[in-house]
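# Topology and contacts: notes
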Amino acid sequence: MKIKVRFILLWSAIISLLWAPFGQVEAAPPSIRTNAVGASLIDVESGRILYSEKGDTPMRIASLTKIMTAIIAIEQGKLTDKVKVSKNAFGKEGSSIYLKLGEEMRLHDMLYGLMLRSGNDAATAIAEHIGGSVEGFVYLMNEKAKMLGMDHSHFTNPSGLDEGEGHRASPNDMAKLTAYALKNTVFQDIVSTKIKKVPNPNEAWDYSWLNKNKMLSLFEGADGVKTGYTKLAKRCLVSSATRNGQHLAVVTLNDPDDWGDHARLLQYGFNNYPLQTIVKKGDAVEGTPWVAGRTFSYPLAEGEAAQLTRKVALVDPASMEYRLAERGTLQFSLNQKLIQTVPIYDSTSPLLQTTSQSTFSFKEGKAYQETWLSHYGYICRLLVQSLFTVSESQWAD
């Protein structure tokens, strides 16, 4: 009897294996490896991490730091402002755009020197201009990191130089930051520029900066982002590319074959995780009299579409959201994990006229909870730093 039962179980297992390829087993993307110590591949539109290696491990990031420096400067500075080069910025060690002491340059122009040539002098000058001091700017960097949910990162300078300890970021955090920054058109224009000419007040000729990022020429559709290197961090690179309306970004840290690995990872993402439109703004929501409030697109591997589910969650008719015409949310889950919520409105709602189509939302970091007290303290700190900066410059004169 026992032998018969074992025979039946064995035969059932064989039948299952024979039928599996034709039925229930789903296709999965092929595996891929890099030469990097840490890596991350992200879909910019949705924020989905498509591949990572030691994705949450804090590592040295060298001049990839300047992605954070640039986006803060763009968001909080005035691009037409003149940035003055201080003694601290002049002659800063490492890569440089060779700014002169006391030279003044438009912030917008200096950002090109920062991102195309990785000028550490530019990074310091920009930090002092925006934050009142390097320390003040570093505070802004870490606050931004918290707001973006970069829970495995900490910044100590605006350039990425190996100054002291503690300046680290994880591959996934840098992918999040890059995807966020690429939403900004000014940032995107800068990092996709191959060569830039800028007025030079010191000479008869203009500055002419050639982008160090070879991916712009090596990979079809490449449009960013930043190179990096120090003796301790080794070769670091963030690249991005757009094809068929899909925008991908890759981060590698300590990678001796970064150009090759980035080409392979970008191609891997485009081949195996095409961006698919799940719902369009204005589409009728089945089972309700309402419509989707925005377009939602998501990268899906073969077979994943069958694992995508949706449900409607209604809002309280007495709530402010309801009075503003929101009737609920359409919640999308992949393998029972929530990936996006889309508001649903009356078909006549004026909110449907808004132009924003971005579906990438950022969760605040676990450690970040802004209060009135912390916000007040932050403002006071910047004011004090600004006063000390003025005092020091007067003393130097």
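Residues numbered from 1 in each chain as written. Predicted model: local features only at pLDDT ≥ 70, side-chain atom pairs only at ≥ 80, totals over all residues. Heavy atoms only, no water.

Attention now goes to empty space enclosed by the protein. This model, assessed by the stated rule, comprises one cavity of 30 Å³ or more. Looking at the largest cavity, its volume works out to about 50 Å³. If you go around the largest cavity, the residues you meet are Arg60, Ile61, Ala62, Gly160, Leu161, Asp162, Glu163, Gly164, His167 and Arg168. The residue inventory of the lining of the largest cavity, partitioned by class, reads three nonpolar, three polar and four charged. (1 Å grid on protein atoms, 1.4 Å probe; cavity = no way out; pocket = protein on both sides within 12 Å on 5 of 7 lines; lining within 4 Å. Points joined across faces, edges and corners; volume = space filled by probe spheres on them. Nonpolar A, V, L, I, M, F, W, Y, C, P; charged D, E, K, R; others polar.)

Two residues of an α-helix separated by three or four positions point the same way, owing to the 3.6 residues in each turn. Counting buried residues along helix α6 (residues 171-181), 10 of its 11 residues qualify, which places the element largely inside the surrounding structure. Buried within α6 are the following residues: Pro171, Asn172, Asp173, Met174, Ala175, Leu177, Thr178, Ala179, Tyr180 and Ala181. (Buried < 20%, exposed > 50% of the residue type's maximum accessible area, 1.4 Å probe, protein only. Helix = DSSP H or I, 4+ residues; strand = E, 2+ residues; numbered from the N terminus.)

With that settled, the discussion passes to a nonpolar patch on the surface. Side chains of Met320, Leu324 and Leu351 sit close together on the surface and give an oily, nonpolar patch of about 280 Å² of accessible area. When you line up the elements, leucine 351 lands in the loop between β15 (337-345) and α11 (372-396). According to the relative accessible area criterion, leucine 351 is partly exposed, its value standing at 32%. (Patch = residues over 30% accessible without salt bridge, like charges linked within 9 Å, V, L, I, M, F, W, Y side chains within 5 Å. Areas by Shrake-Rupley, 256 points an atom, 1.4 Å probe, with all protein chains shown as cover. Salt bridge = Lys/Arg side-chain N within 4 Å of Asp/Glu carboxyl O.)

Before going further, it helps to examine the sheet that holds strand β7 (residues 222-230). Spatially, five strands are ordered β2-β1-β9-β8-β7 in an open sheet, and the strand pairing comes out antiparallel. Edge strands, defined here as strands with exactly one partner in the open sheet, are β2 (49-53) and β7. Strand after strand, the sheet turns through a mean of 5° between neighbouring axes, direction not considered. By the bridge criterion, eight bridges tie β7 to strand β8 (residues 234-243) in an arrangement that is antiparallel. Bridged to lysine 226 within β8 is valine 238. (Pairing = 2+ DSSP bridges. Axes fitted to C-alpha atoms, helices over the stretch in contact; angles between N-to-C directions.)

Here we take up the packing of helix α2 (residues 66-76) against helix α5 (residues 134-147). One way to put it is that α2 packs onto α5 with a least axis distance of 10 Å and a crossing angle of 95°. Taken together, the axes of α2 and α5 lie roughly perpendicular to each other. Judged by residue contacts, Met68, Thr69, Ile72, Glu75 and Gln76 of α2 engage Phe137, Leu140, Met141, Lys144 and Ala145 from α5. Residue composition of the contact of α2 with α5, by class: six nonpolar, two polar and two charged. (Parallel < 35°, antiparallel > 145°, perpendicular 65-115°, else oblique. Contact = heavy atoms within 4.5 Å.)

Turning next to α5. Taking 1.5 Å as the rise per residue, α5 with 14 residues should run 20 Å; its terminal C-alpha atoms sit 20 Å apart, in good agreement. Within α5, burial applies to Val134, Gly136, Phe137, Val138, Tyr139, Leu140, Met141, Asn142, Glu143, Lys144 and Ala145. Trailing α5 by a residue or two, glycine 149 shows a phi angle of about 75°, which is positive. (Expected span 1.5 Å × (residues − 1).)

The subject of this paragraph is the environment of tyrosine 298. Here tyrosine 298 is to be found in strand β12 (residues 296-299). With relative accessibility at 8%, the residue tyrosine 298 sits in the buried group. Tyrosine 298 sits 19 residues away from valine 279 along the chain, and the two C-alpha atoms are 9.8 Å apart.

Taking burial as the measure, the eight residues of strand β9 (residues 246-253) include eight buried ones, the bulk of the element. Residue alternation in β9 divides its side chains into two sets, Gln246, Leu248, Val250 and Thr252 and His247, Ala249, Val251 and Leu253, and both sets are buried. Two elements, strand β1 (residues 38-43) and β9, share six bridges in a ladder whose sense is antiparallel. Looking at β9, one finds that alanine 39 is bridged to threonine 252. Pairing analysis gives eight bridges linking β8 to β9, with the strands arranged antiparallel. Looking at β9, one finds that arginine 243 is bridged to glutamine 246. A loop of two residues connects β8 with β9, the two strands running antiparallel in sequence, and asparagine 244 in this loop sits at a positive phi of about 50°.

As a further point, take the confidence of the model for the chain. Regions with low pLDDT carry predicted coordinates that are not meant to be interpreted in detail. Mean pLDDT over the chain stands at 87; residues scoring 70 or higher make up 82%. This model gives residues 7-26 a pLDDT under 50, and the stretch forms three contacts once residues within four places in sequence are excluded. The low-confidence segment residues 384-397, where pLDDT is below 50, has seven contacts with residues more than four positions distant or belonging to other chains. (pLDDT = per-residue confidence, 0-100.)

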